[in-house]
Amino acid sequence: METPTRSGLLGALVAREFDLLVIGGGITGCAIARDAALRGIPVALVEKDDFGSGTSSRSSRLIHGGVRYLEYGQLRLVFEASAERRLLLRLAPHLVRPLEFVWPVYKGARIPRWKLAAGLTLYDWLALFRNIDRHHRLSPREVVAVEPALRSEGLLGGARYYDAATDDARLTLANAIGAIRAGAALANHTAATRLDMRSGAGAVVSVREMLDRQEFDVRAKVVVNAAGPWSDDVRALERSDAAAAVHSGAAVHGSKGSHIAVPRVRLPTHDAVTLISPIDGRVLFALPAGELTIVGTTDHYTRQSADTVCASEREVAYLLEAANYFFPGRALGRDDVVAAWAGIRPLAVTKQSSVTASREHSIATSPSGVVTVTGGKLTTARRMAADVVDHALEHLGRPVRRTPTANTPLPGGDLESVARAESEATAVLGDPALARHLVAAHGSAWRVVAGDIQRGDDGGQRLHPAFPYTLGEVRYSIRSELACTLGDILIRRTRLAFETPDHAGSAVPRVARTMATLLGWSDARRQAEMTAFDEEIRRIFSIEASQPSDDATPAGLAPGATPFRESSSARPPRDSAPPPAT
Ligand code: FAD
């Protein structure tokens, strides 16, 4: 199915009054827009940067029940997230893939074997025994057989359990495209700049298109603030005394999480590995991601702006130290770090207290009619979206009907079998790695992208020799996935910027020329876009000197989050602060 053009979507934004206008195109906003559109509700969405450019492209890329929340008794959250994992494996089998985890247990571990076994039994139970498979215990020999690079000293055994992996940015995009195909008007690179709430008469939201700098108004009956870590900034756009009184106090607490990526050959895990940090007892992951292993995440309360958040030297050192403790033969150093990045979890401030924040979501409507949604996870976005749309319908005095999203595949998800699609794509393209990538990224649309790759002289030209991204796929993303900047292509439609030490720098001139041809950029515009890309890369991938002011104030900690500590010498895991959660 063809995606409408961006200029068509911008035109649609001004053409009518919408029932719902969503501000923010992360996973939360895009899932809300898709849910509303599938229920036949006139809905629009504006995103100031690109779909998924905020926290939704900086996650651990897991669709998980959240085994770590069991320690805090968050059984409802685990139950809901497990059900969502099951649904997403069915509705987006190309984007959400089963992932096996090994959890090794060492002598003196904060979570001993019996506790791990009890926890994983509960984890299976909360998934109604319908997870990918049930967990099972592993002897020390079995752990080492699967993960030979793991530390063997003090190893008592472990367990295997199951969750799922995704591409967070593409999952967000799939929600955006699904919304548009169901009739919603979505615009990326379009910021809300002012909210004028007219009591009982809807809202006029001023917006600015950021690439060509046009300004216009969008009218809607209900405004949904889904701006994640920017939620309080969006609330502040409602500039009136009444609004200021209503909006006193924060809606969101930011918890910063950083990851590092190292070459897979340097940290060659077979499956995902769950680790307890030897430094502070937090749960960490080593996650296989193509040519890389991703290690993360940190978790501490921050007041940093989500616009500029990046990993710090201290966080990188902390993650390297943990990796080196558990994979002692690898001697990973700072030079092994291909990329480091950070995101801010938009944790909901609960009604009970302004200083506790929750992974569960919260929906609040101001008297002026702005619905603010905070909290949640990638995994639970569909469920959260259904709750928001139910809430908005009640606010509009409309009947609430069941959401169809539990039974509607995400775009590309209408595949009978991923394996069959991969072998068909291999037969067409003669390149198994390219075939696997196209099916994973585009699902049933792989044939359309393959057509672009086979067209012309250069469609099959790779952006980088080590990765299966091609100029044909770039053309597809511009035409059908609303990609309009170099960052859209190289950071989020493909993940090349995360995967190469030069953050896709070597591909920039070629991709910029392709974009210039398709989007009619002048030479000056092409240069400006290349400069803007460099700035975006600097913002996301810089590793800043550590700032003491970034440390948590204990009163502001999210449950499970710890103030960030200097790493000391690695010591064996033992009873200490409870591990925070992703
Ligand atoms: P965002 O993705 O930040 O989206 C908000 C959007 O609003 C942004 O794109 C922003 O540009 C836009 N915006 C802001 N102001 C305006 C404006 N004025 N006008 C228009 N647009 C605006 N969850 C999981 O399920 N699994 C995981 O493995 C996982 N790992 C995580 C690891 C880390 C380190 C972090 C930080 C989070 C993780 N999460 C995970 C949680 C998950 O990533 C977040 O809950 C989710 O991405 C938040 O999405 P969001 O849409 O609410 O916010």
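Since the model is a prediction, treat every value here as computed from it, not as a measurement.

What follows covers the overall build of the chain. In terms of helices and strands, the chain carries 18 helices and 21 strands. Seen through its principal axes, the chain has C-alpha atoms that stretch 65 × 60 × 45 Å. The proportion of buried residues among the 582 residues of the chain is 60%. Looking at the chain alone, contacts between residues at least 24 apart form 73% of all its contacts between residues at least 6 apart. By element, 53% of the accessible surface of the chain is carried by carbon and sulfur atoms, the whole surface being about 22000 Å². On the chain, the mean spot of the 69 positive side-chain charges and the mean spot of the 65 negative ones are 4 Å from each other.

In this section: the domain arrangement of the chain. It is common to report an interface's size as the accessible area lost on association of the parts. What the domain assignment lists for the chain is domain 1 (6-56 + 169-251 + 358-396), domain 2 (87-165 + 253-348) and domain 3 (455-562). A C-alpha centroid distance of 24 Å is found between domain 1 and domain 3. In this assembly, 17 residues from domain 1 lie in contact with 14 residues from domain 3. A buried area of about 1300 Å², summed over both sides, lies between domain 1 and domain 3, and 51% of it is on carbon and sulfur atoms. Where domain 1 touches domain 3, the interface holds six residue pairs in polar contact (both at pLDDT 80 or more). For the side of domain 1 that touches domain 3, the secondary-structure elements that each account for two or more residues are helix 1 (6-15) and helix 6 (168-181). Of the residues forming the side of domain 1 that touches domain 3, the biggest block, five residues, is contributed by helix 6. Its residues assigned to classes, the side of domain 1 that touches domain 3 shows seven nonpolar, four polar and six charged.

Before going further, it helps to spend a moment on the pattern of salt bridges. Under the defined criterion, the tally for this structure stands at 40 salt bridges. In this structure, Glu424 engages Arg447 in a salt bridge whose closest nitrogen and oxygen atoms are separated by 3.2 Å. With Glu424 in helix 11 (residues 418-429) and Arg447 in helix 13 (residues 446-454), this pair connects stretches of sequence that are 23 residues apart. Through salt bridges with shared partners, a single ionic network connects Asp50, Asp488, Arg492, Arg493 and Glu536.

Turning next to the packing of aromatic side chains. Under the defined criterion, the tally for this structure stands at nine aromatic pairs. Between Tyr106 and Phe326 the ring centres are 5.6 Å apart and the planes differ by 50 degrees, which places this aromatic pair in the tilted class. Note that Tyr106 is positioned in strand 4 (residues 97-106) and Phe326 in helix 9 (residues 313-326), a separation of 220 residues in sequence. For the pair Tyr106 and Phe326, one class covers both residues: buried. Between Tyr123 and Tyr161 the ring centres are 6.1 Å apart and the planes differ by 80 degrees, which places this aromatic pair in the edge-to-face class. With Tyr123 in helix 4 (residues 113-126) and Tyr161 in strand 6 (residues 155-165), the pair connects residues that are 38 residues apart, well separated along the chain. In this pair, the class of Tyr123 matches that of Tyr161, namely buried. These aromatic residues form a ring-pair network of at least three members: Phe101, Trp103, Tyr123, Tyr161 and Phe285. Cation over ring: Arg16 sits above Phe18, and NZ or CZ is 5.7 Å from the ring centre. Between Arg151 and the ring centre of Tyr325, over which it is positioned, the NZ or CZ distance is 4.2 Å.

Once that is clear, we can look at helix 1. Taken together, the buried positions of helix 1 are Arg6, Leu9, Leu10 and Leu13. Down the axis of helix 1, the buried set is contained in an arc of 100 degrees. They therefore lie on one face. Across from the buried face of helix 1, at angles greater than 90 degrees, the exposed residues are Ser7 and Ala15.

So, on to the pairing of strand 1 (residues 17-23). A large share of strand 1 lies buried, amounting to six of its seven residues. Across six bridges, strand 1 lies against strand 10 (residues 215-225) in parallel orientation. Its bridge partner being in strand 10, Glu17 is matched across the sheet by Arg219. Direction of pairing for strand 1 relative to strand 2 (residues 43-46): parallel, over a ladder of four bridges.

A few words now on the nonpolar core. Core analysis: the biggest nonpolar cluster contains 56 residues, and Leu463, Leu486, Leu490 and Val511 have the highest contact counts within it. The residue makeup of this core includes at least three contributed by each of domain 2 (87-165 + 253-348) and domain 3 (455-562). Residues within four places of Leu490 in sequence aside, it is in contact with Leu463, Arg495, Leu496, Ala497, Ala504, Ala507, Val508, Val511 and Phe533. If you look at the next biggest cluster of nonpolar residues, it comprises 44 residues, including Ala37, Ala176, Leu186 and Ala392.

Close to the ligand lie 40 residues, the nearest being Thr28, Glu47, Ser56, Leu62 and Thr379. At 3.0 Å from a nitrogen atom of the ligand is found a main-chain nitrogen or oxygen belonging to Ser60. Between the ligand and the protein, one listed contact pairs a nitrogen atom with a backbone N or O atom of Leu62 at 2.7 Å. Protein chains bury 97% of the 1000 Å² of accessible surface belonging to the ligand in isolation. At the level of elements, helix 2 (27-38), strand 8 (190-197), strand 11 (252-263) and strand 16 (339-349) are the ones that each hand at least two residues to the shell around the ligand. No other element matches the four residues that strand 16 contributes to the shell around the ligand. When residues of the shell around the ligand are assigned to domains, at least three fall in each of domain 1 (6-56 + 169-251 + 358-396) and domain 2 (87-165 + 253-348).

On to helix 4, then. In this model, helix 4 (14 residues) spans 20 Å end to end at C-alpha, consistent with the 20 Å of a helix rising 1.5 Å per residue. Inspection of helix 4 places Leu116, Ala117, Leu120, Tyr123, Asp124 and Leu126 among the buried residues, and these make up the whole buried set. In this fold, the buried residues of helix 4 make contact with helix 3 (75-91), strand 4, strand 5 (136-138) and strand 6. Of the residues one or two after helix 4, Leu128 is the one with positive phi, at around 55 degrees.

This part covers the confidence of the model for the chain. For the chain, the mean per-residue pLDDT works out to 90, and 90% of the residues sit at or above 70. Across residues 352-357 the pLDDT falls below 50, and counting only partners more than four positions away or on other chains, this stretch makes 17 contacts in the model. Counted against residues more than four places away or in other chains, residues 551-581, with its pLDDT under 50, gives 93 contacts.

A few words on the environment of Gly487. Structurally, the position occupied by Gly487 is in helix 15 (residues 486-493). A residue is classified by how much of its surface remains accessible, and Gly487, at 1% relative accessible area, is buried. For the pair formed by Gly487 and Val508, sequence separation is 21 residues and the distance between their alpha carbons is 9.6 Å. Sequence-distant contacts of Gly487, that is, excluding residues within four places in its chain, are made with Arg492, Phe533 and Glu536.

Cut-offs and rules
- Residues numbered from 1 in each chain as written.
- Predicted model: local features only at pLDDT ≥ 70, side-chain atom pairs only at ≥ 80, totals over all residues.
- Heavy atoms only, no water.
- Helix = DSSP H or I, 4+ residues; strand = E, 2+ residues; numbered from the N terminus.
- Buried < 20%, exposed > 50% of the residue type's maximum accessible area, 1.4 Å probe, protein only.
- Contact = heavy atoms within 4.5 Å.
- Areas by Shrake-Rupley, 256 points an atom, 1.4 Å probe, with all protein chains shown as cover.
- Lys, Arg positive; Asp, Glu negative; His and termini not counted.
- Charge placed at Lys NZ, Arg CZ, Asp CG, Glu CD.
- Domains from an automatic or database assignment.
- Buried area = accessible area lost by both parts, 1.4 Å probe.
- Polar contact = N/O pair within 3.5 Å; in protein donor to acceptor, adjacent residues only side chain to side chain.
- Nonpolar A, V, L, I, M, F, W, Y, C, P; charged D, E, K, R; others polar.
- Salt bridge = Lys/Arg side-chain N within 4 Å of Asp/Glu carboxyl O.
- Phe/Tyr/Trp six-rings, centres within 6.5 Å; stacked < 30°, edge-to-face > 60°.
- Lys NZ or Arg CZ within 6 Å of the ring centre and 35° of its normal.
- Arc of directions from axis to C-beta.
- Pairing = 2+ DSSP bridges.
- Core = buried A, V, L, I, M, F, W, Y, C linked by side-chain atoms within 4.5 Å.
- Near = heavy atom within 4 Å.
- Expected span 1.5 Å × (residues − 1).
- pLDDT = per-residue confidence, 0-100.

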